[in-house]
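Chains, contacts and geometry: an overview
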Amino acid sequence: MKQTKLVFISVLSVILTACSTAPNKINSQQSDISERGKASFYADKYHGRTTASGERFSQQAATAAHLKLPFGTRVNVTNIANNKSVVVKINDRGPYIRGRIIDLSKAMFEKIADPKVGVIDVAVTVIDKK
């Protein structure tokens, strides 16, 4: 019985640790971090809600969500299909959908793509980190 409890607690600890949403540290020596992947935009229901950084989310703001970059980091997001780009500040965590690397506010997404498309291929380049 005692051994079963120990195993249960150990397994539970591993599961809880794996579910942690703490961001991974990014090497501060890297100033030109760049990645390619899919971008989407926030659903309207998130307008006015609090972001992970504590700021209020606005669909009109030049902001975005990224899983690892520190809050306050400014990045250039370029639509690979048409070479249009925007500069946004990371103030939230996400996206939590496999294959996506950044979620933009709707206004920023509209500057580089038609929102009817929903998901686009982008290059994300760090401009500066907070």
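Residues numbered from 1 in each chain as written. Predicted model: local features only at pLDDT ≥ 70, side-chain atom pairs only at ≥ 80, totals over all residues. Heavy atoms only, no water.

1. Quick notes on the overall build of the protein
Within the protein, the regular secondary structure consists of two helices and six strands. Along the chain direction, N to C, the helices and strands of the protein fall in the order α-β-β-β-β-β-α-β. Long-range contacts, defined here as pairs at least 24 residues apart, represent 69% of the contacts in the protein between residues at least 6 apart. As displayed, the protein offers around 8,300 Å² of accessible surface, 54% of which is attributable to carbon and sulfur atoms. (Helix = DSSP H or I, 4+ residues; strand = E, 2+ residues; numbered from the N terminus. Contact = heavy atoms within 4.5 Å. Areas by Shrake-Rupley, 256 points an atom, 1.4 Å probe, with all protein chains shown as cover.)

2. Here's the deal with the nonpolar core
The tendency in soluble globular proteins is for nonpolar side chains to be buried side by side. Counting residues in each nonpolar core, the largest one holds 20 residues, and the members touching the most others are Val 75, Val 77, Val 88, Ile 102, Leu 104 and Val 122. Residue contacts for Val 77: discarding those within four places in its chain leaves Lys 84, Ser 85, Val 86, Val 88, Ile 102, Leu 104, Ile 112, Val 122, Ala 123 and Val 124. (Core = buried A, V, L, I, M, F, W, Y, C linked by side-chain atoms within 4.5 Å. Buried < 20%, exposed > 50% of the residue type's maximum accessible area, 1.4 Å probe, protein only.)

3. Focus: the sheet that holds strand 3 (residues 74-79)
What the six strands build is a closed barrel, ordered 1-5-2-4-3-6; its pairing is mixed. Across the sheet, the mean angle separating the axes of adjacent strands is 45° when strand polarity is ignored. (Pairing = 2+ DSSP bridges. Axes fitted to C-alpha atoms, helices over the stretch in contact; angles between N-to-C directions.)

4. A short note on the pattern of salt bridges
For the structure on display, the rule yields four salt bridges. The shortest N-O distance in the salt bridge between Lys 106 and Asp 44 comes to 3.0 Å. Residue Lys 106 is found in helix 2 (residues 106-112), and its partner Asp 44 is found in the loop between strand 1 (34-41) and strand 2 (63-65); the two are separated by 62 residues along the sequence. In this structure, the salt-bridge partner of Asp 128 is Arg 74, at a minimum N-O distance of 3.2 Å. Linking Asp 128 in strand 6 (residues 120-128) with Arg 74 in strand 3, this pair joins segments that are 54 residues apart in sequence. (Salt bridge = Lys/Arg side-chain N within 4 Å of Asp/Glu carboxyl O.)

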